[in-house]
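Structure assessment
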Amino acid sequence: MIKVAIGQDSHRFEPDGSDKKLVLGGVPIEGCPGLEGNSDADVVLHALTNAVSGITCVNILGEEADRMCRRGITDSSAYLKAALGHMKEGSRIIHVSISIEALRPRLSPHLERIRTNLAELLGIVPCCIGITATTGEGLTEFGKGIGIFCTVILTADIPE
Ligand SMILES: [Zn+2]
């Protein structure tokens, strides 16, 4: 059975002077403040985790991730792994489509590294992950550079 799920997330930037690092799709990115949140606030991994939850119908972000955070687990790849742990045995991720809206940082130089890292985390080949980025043209809070917004659509083949 083919299932398609959507995941979304957004975070605002830390105030100027914060030393929190920006991490997107598990990749550290220099030259831009980090995002607010009790974890590493990796908005791409959070949207992806939500998309996996959309397939499994078991939500991780929220209570479960907060519990992990209190135990000191702030690397968002752990939340993704927790969500993937609820995929039915024999499930196969067919494709992941990611759209990021952010005025800053300039994302194009980082997209390949993010793709490679996500492919590794998901156990699929990078050509099954498409990532597009838009600056938002100043029209939204994200387009004004206040934060980053991410949408993920995930397609998976789930055994009946
Ligand atoms: Zn988040």
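Now for a look at the structure at hand. (Residues numbered from 1 in each chain as written. Predicted model: local features only at pLDDT ≥ 70, side-chain atom pairs only at ≥ 80, totals over all residues.)

Time to look at the packing of helix α1 (residues 43-56) against helix α3 (residues 77-84). Viewed as axis vectors pointing N to C, α1 and α3 meet at an angle of 10°, and their least axial separation amounts to 9 Å. Judged by the angle between their axes, α1 and α3 are roughly parallel. Contacts between α1 and α3 involve L45, L48, T49, V52, S53 and T56 on the former and, on the latter, S77, Y79, L80, A83 and L84. Among the residues making up the contact of α1 with α3, the classes are represented as seven nonpolar, four polar and no charged. (Axes fitted to C-alpha atoms, helices over the stretch in contact; angles between N-to-C directions. Helix = DSSP H or I, 4+ residues; strand = E, 2+ residues; numbered from the N terminus. Parallel < 35°, antiparallel > 145°, perpendicular 65-115°, else oblique. Contact = placed C-beta atoms within 7 Å. Nonpolar A, V, L, I, M, F, W, Y, C, P; charged D, E, K, R; others polar.)

This part covers the sheet that holds strand β5 (residues 129-134). Spatially, four strands are ordered β1-β6-β4-β5 in an open sheet, and the strand pairing comes out mixed. Lying at the two open borders of the sheet, with one neighbouring strand each, are β1 (2-12) and β5. Within the sheet, the average angular offset between the axes of one strand and its neighbour, ignoring direction, is 15°. As judged from the eleven bridges shared by β1 and strand β6 (residues 147-157), these two strands associate in the antiparallel manner. By the bridge assignment for β6, I2 is matched with D157. (Pairing = 2+ DSSP bridges.)

This paragraph deals with α1. Helix length check: α1 (14 residues) gives 20 Å between terminal C-alpha atoms against 20 Å at 1.5 Å per residue, within 8%. Counting buried residues in α1 gives 13 out of 14 residues, a clear majority hidden from the surface. Directly after α1, the chain includes C57, whose backbone phi takes a positive value near 65°. (Expected span 1.5 Å × (residues − 1). Buried ≥ 20, exposed ≤ 12 C-beta atoms within 10 Å, placed from the backbone.)

Our next topic: unusual backbone geometry. Leave glycine aside and you will find that most residues have negative phi; peptide bonds, for their part, are mostly trans. A cis amide bond links R104 to the next residue, P105, at an omega of -5°. Looking at the element boundaries, P105 is found in the loop between β4 (92-101) and α4 (111-122). Although it is not a glycine, A41 adopts a positive phi angle of roughly 60°. Among the structural elements, A41 can be located in the loop between β3 (27-33) and α1. Assessed through the 24 C-beta atoms surrounding it within 10 Å, A41 is described here as buried. Within the chain, E137 stands out as a residue other than glycine whose phi angle is a positive 50°. As for its position among the elements, E137 is in the loop between β5 and β6. According to the C-beta neighbour criterion, E137 is exposed, with 10 such atoms within 10 Å.

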